[in-house]
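The lines below spell out each chain.
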Amino acid sequence: MTSIKEARDFFLWCISVIYLIAFSSLYVQIPGLFGDNGILPAKLAINSKEISSWEELLEGQPTLLRLMPKLGLDTETGMDLLCVCGILISFCCVVFSTTRDMISFTLLWMIYLSLYQVGKTFLWFQWDILLLETGFLTILLAPFNLQFFSSHHQHDRISLWLVRWLLFRLMFASGVVKLTSGCPTWWGLTALTVHFESQCIPTPLAWFFHHLPVWFLKLSCVATYVIEIAIPLLFFSPVKSMRMFAFYSQILLQVLIIATGNYNFFNLLTMALCVSLVEDDFFKRSKVKKKNSTVQSIFNCVFSLVIYSYFIYQTVKQFSLQASFNPTFEIKSKIAFSKADFFQWLEFIVPWTIVIGAVSLGYHILLSFVSCLVEEKGLIWKVWSLIQCTIIAVAAAAMFSISLIPYTAIDQGSAKHIPKPIFRMNEKLDSFQLTSSYGLFRVMTGVGGRPEVIIEGSNSVDSGWKEYEFYYKPGNISRFPPIVAPHQPRLDWQMWFAALGSYQHNTWFVHLIYKLLIGQQEILDLIHHNPFPDKPPKFIRAKLYHYHFTGQTPKDKWYSKKNWWVREEKSEYFPPLERDNTSLIDYLKRSGILKSTKKDKKTLTWIGYCVHYVRRLIGQPEGFSFVITITGTAVMANVFSLILF
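Heads up: these notes are all about the structure in this document.

Cut-offs used in this document
Residues numbered from 1 in each chain as written. Predicted model: local features only at pLDDT ≥ 70, side-chain atom pairs only at ≥ 80, totals over all residues. Heavy atoms only, no water. Helix = DSSP H or I, 4+ residues; strand = E, 2+ residues; numbered from the N terminus. Rg over C-alpha atoms; globule rule 2.2 N^0.38 Å. Buried < 20%, exposed > 50% of the residue type's maximum accessible area, 1.4 Å probe, protein only. Contact = heavy atoms within 4.5 Å. Areas by Shrake-Rupley, 256 points an atom, 1.4 Å probe, with all protein chains shown as cover. Lys, Arg positive; Asp, Glu negative; His and termini not counted. Charge placed at Lys NZ, Arg CZ, Asp CG, Glu CD. Core = buried A, V, L, I, M, F, W, Y, C linked by side-chain atoms within 4.5 Å.

Looking only at helices and strands, the protein chain features 25 helices and eight strands. Here the C-alpha radius of gyration of the protein chain, 26 Å, is about what a compact globule of 645 residues would show, namely 26 Å. Projected onto its principal axes, the C-alpha coordinates of the protein chain cover approximately 85 × 75 × 55 Å. The buried share among the 645 residues of the protein chain stands at 54%. Considering only intrachain contacts with a sequence separation of at least 6, the fraction spanning at least 24 residues in the protein chain is 76%. Just so you have it, the protein chain exposes about 29,300 Å², and 64% of that area is on carbon and sulfur atoms. Here the protein chain carries 58 positive and 45 negative side-chain charges, and the mean point of each set is 4 Å from the other.

Quick look at the structure:
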């Protein structure tokens, strides 16, 4: 039987690194985003009811921040404390293998869930939800690292299968929603002619990809569908080489996304999930591999050839692929199926994927029980391993069952066949974010130019307007597109979302304007350039622009030798307002935000003093440098520990 111990250990190390990135990235932004003087004070999201039991802590809003008053800490200090603890624990997990156990990952999951509960719009991203679901599965996968437990871990393949099922749901749904949304760019295969320019924070390579030939970008869109919809079905193939083909396909897609877009730790997390597709011989290239029998080798070759041929045939057929050499070489493509055809196929395939998933899970459970009986020596250890496998198998069956509810969001007809008790169980566990629905780039935005909100200040309503420049989002048209991943600048991301709507639907944006009017330092620390360093301006406004990448040749419409962007003003996004404007003050008071400007007066405990000292020591530095420093230090320390010990 194949071994997955090294695959499991490498996966745990990867998740430790991602937790470290997530906590360090969030820590530097707490004062400006969630502090008492921040844009969305976290204390407003906390249930102020006194906690008297663990049952009350888990009711409605499970967050450790509700316990902070018992430690004499306010909410902001509590968030700092939790983040620092998360950084320290994940740092140790990266460096020392013995700390990567069930206890450590339980603490990391609880801390991130606690922060997620109060983060509101700045923490409710799909990658945060994905990290929570992955983090919970990691608890089931992580060993106790005690001698009595660690050498008897036959249930690992069950836990790692749950990771594979999560990867399947993530990728398959991400491909499907592009078509179920009805977005004309996805149906017209022109999404990538817009995507590189319109995504939140493009990289320099995005500029070059944007100028690739249209036929190549349309073909890349076809490849995206194949990698996200068709190839994930190979995750459950009985042929190892096909699973490895699926593995490399997913890794290639994630690497290309990393090269062209700043999506924080999301792509690294997806690549970590891909580890569930490999086995230990992937990490041991120098060792002799186990040879298959002649019959099995022939079966694997024939089966693979049939599946690959079918995939190629269907890709050519469904996307009308045709090579053309007149006047130059190109591959023409267009979707050959209708929306009705796709929904009919979806109605057919989703139930079958559930059946395949259930059979695959059953097979891995059976394989684990057989391993307990065959590989364990001594009756006591056989029984002990069987008990562990039974517990994990029950947990896996429960996780698989409740995951079907968010999974079938892509096909509502399939949800009708899910038993009602599973819905009730999912409803009770919903606040813990154990499982969620996914679907990335559902609708392509920025067709006709990426919308961008530019905030300006002035001491006169008629003249002298100067722009506030953010660290990472487009503003200055001549500024080099940044490399910011794996850090996530959450304010810059929300500014991108704000540009897609209006300020009336973004209370946080109005509060941001007010904080800039009063010169709140915690907010200014999140912004790269403050044009009014000595005194806040009397007026602030915001304008909506459409940005385009500059052209590649002098014949292009937006050609420029020195600029990366060209922009055109579209409309007024937020009218000029002064600090003492009564309508602004009344609006913020009705929203309940202004009442958080005063800090709670409490005697500072020794824990609070330590947390405040760390904050004064670190401050609120630029996020990318801080994240790279912390994570790089941990990774290098791990490398040195492996070399030395």
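Of all hydrophobic cores here, the largest spans 194 residues; its most connected members are Ile455, Leu491, Trp508, Phe509 and Leu512. Considering each element in turn, this core owes the most residues, 16 residues, to helix α8 (residues 156-180). Those residues within four positions of Phe509 in sequence are excluded, and the remaining contacts are Val453, Ile455, Met495, Tyr503, Ala542, Tyr573 and Phe574.

Residue Pro327 is reached from Asn326 by a cis peptide bond, and omega for that bond is 0 degrees. In this fold, Pro327 is placed in the loop between β1 (322-324) and β2 (330-332). A cis amide bond, omega 15 degrees, links Ala485 with the succeeding residue Pro486. Within the secondary structure layout, Pro486 lies in the loop between β5 (469-470) and α20 (490-499). The backbone of Ser320 shows a phi angle near 45 degrees, a positive value even though the residue is not glycine. Following the sequence through the fold, Ser320 ends up in the loop between α15 (294-318) and β1. For Ser320, a relative accessible area of 23% corresponds to the partly exposed category. The residue Gln433 is not glycine, and still its phi comes out positive at about 55 degrees.

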